[in-house]
Amino acid sequence: MKIVNSLKSMKTRHKACRIVRRKGRVYVINKQNPRFKARQG
């Protein structure tokens, strides 16, 4: 998982990326290709 300041670039890496909020943090998840995961830090 990458920790980045801005998730906008991470969201555009793959077509299936979704932004979700969990426990006050913002994540990018990808069900099709799970290596494209990121968290906003």
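Quick caveat: nothing in here was measured; it's all calculated off a predicted structure.

Conventions used here
Residues numbered from 1 in each chain as written. Predicted model: local features only at pLDDT ≥ 70, side-chain atom pairs only at ≥ 80, totals over all residues. Heavy atoms only, no water. Pairing = 2+ DSSP bridges. Helix = DSSP H or I, 4+ residues; strand = E, 2+ residues; numbered from the N terminus. Axes fitted to C-alpha atoms, helices over the stretch in contact; angles between N-to-C directions. Phe/Tyr/Trp six-rings, centres within 6.5 Å; stacked < 30°, edge-to-face > 60°. Lys NZ or Arg CZ within 6 Å of the ring centre and 35° of its normal. Contact = heavy atoms within 4.5 Å.

Before going further, it helps to examine the sheet that holds strand β4 (residues 38-40). Sheet architecture is open: four strands sit in the order β1-β4-β3-β2, paired in mixed fashion. With partners counted over all chains shown, the strands left at the sheet margins are β1 (2-4) and β2 (17-22), one partner each. Pairs of neighbouring strands in the sheet enclose a mean axial angle of 25 degrees, with direction left out of account.

When we look at a pair of aromatic rings, we describe it by the centre distance and by the angle of the planes. Taken as a whole, this structure holds zero aromatic pairs when the rule is applied. The positively charged end of R35 is found above the aromatic ring belonging to F36, 5.0 Å away from the centroid.

Looking at the element boundaries, G41 is found in the segment after β4. Distance in space between the C-alpha atoms of G41 and L7 is 9.4 Å, their sequence separation being 34 residues. If near-sequence neighbours (up to four positions away) are discounted, G41 is found in contact with I3, V4 and N5.

Of note, L7 is situated in the loop between β1 and α1 (8-11). Not counting residues within four places of it along the chain, the set of residues in contact with L7 comprises V26, Y27, V28, A38, R39 and Q40.

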